[in-house]
Amino acid sequence: MNDLILSKLAESSRLVRRAFDARAREIGVTRPQWQVLSALRRHPGLNQGGLADLLDVEPITVCRMVDRLQEAGLVERRPDPADRRSWRLHLQPKADALVAQLRPLADALQADALDGVSQDELDSLSALLDRVNANLARRATTVEVAHG
């Protein structure tokens, strides 16, 4: 077995992050901001704790990111009707325009990254990564239960 595969995955992830940062910076957006906007587009009304879990960051980090996005008119905090201590996060219309600008950047980055990769190779890679992710998620859940 190739013991470097996880290192290669980590390196690919680092290179994608770096390339996206450079492209997004051209329109004045950071990758963390894009991650928040993208997550809220997929999960409107998510609370800050759920967003922190989804992004795998500390709640205080999400709070600061949302503060900046709210100041920029991109995100709105609305009271959670089920929990007065919690806020539900929603994109503002201004965010839709920004996300519309970012989507082509992400698509172009993916096209660059996959240059020369056939559809069959891409399908195999996607299936393999799904399996790797499922394995890691299952094992992480098992470890959390054992230590919880």
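Preceding this section is the structure that the text describes.
First, a word on what this report is: a plain description of the structure on this page. The written sequence of each chain sets the order in which its residues are numbered from 1. At least 70 in pLDDT is required for a residue's local features to be given in this predicted model, at least 80 for side-chain atom pairs to be given and counted, and no such filter applies to totals for whole chains, interfaces and linings, which use all residues. Values shown for side chains rest on all heavy atoms present in the structure; no hydrogens or waters enter the calculation.

This next bit is on the pairing of strand E2 (residues 83-91). The rule for pairing is simple: two strands pair if DSSP sees at least two bridges between them. Elements are defined by DSSP. Helices are runs of H or I of four residues or more, strands are runs of E of two residues or more, and each kind is numbered from the N terminus. Inspection of the sheet shows strand E1 (residues 75-80) paired to E2 by six bridges, in the antiparallel sense. If you follow arginine 78 over to E2, its bridge partner there is arginine 88. Count of turn residues in the E1/E2 antiparallel hairpin: two residues.

Every case where a carboxyl oxygen of Asp or Glu lies within 4 Å of a side-chain nitrogen of Lys or Arg is listed as a salt bridge. The full count for this structure, using the stated rule, is nine salt bridges. The shortest N-O distance in the salt bridge between aspartate 21 and arginine 31 comes to 3.0 Å. Linking aspartate 21 in helix H1 (residues 5-25) with arginine 31 in helix H2 (residues 31-42), this pair joins segments that are ten residues apart in sequence.

Note on definitions: the grid is 1 Å and covers protein atoms alone; a cavity is a set of points where a 1.4 Å probe fits but cannot get out; a pocket is an open set with protein on both sides within 12 Å along at least five of seven lines; lining residues have an atom within 4 Å of a point. Grid points are joined across faces, edges and corners, and a volume is the space filled by probe spheres set on the points. Each pocket or cavity is described by its volume, and for the largest pocket that value is around 1,500 Å³. Around the largest pocket sit 37 residues that line it, and Leu9, Ser12, Ser13, Leu129 and Asn133 are the ones nearest its centre. Of all the elements in the fold, those that place two or more residues in the lining of the largest pocket are H1, H2, helix H3 (48-55), helix H5 (93-113) and helix H6 (119-147). Class assignment of the residues belonging to the lining of the largest pocket gives a composition of 20 nonpolar, nine polar and eight charged. Gly is put with the polar residues, along with every residue not named as nonpolar or charged; the nonpolar set is Ala, Val, Leu, Ile, Met, Phe, Trp, Tyr, Cys and Pro, and the charged set is Asp, Glu, Lys and Arg.

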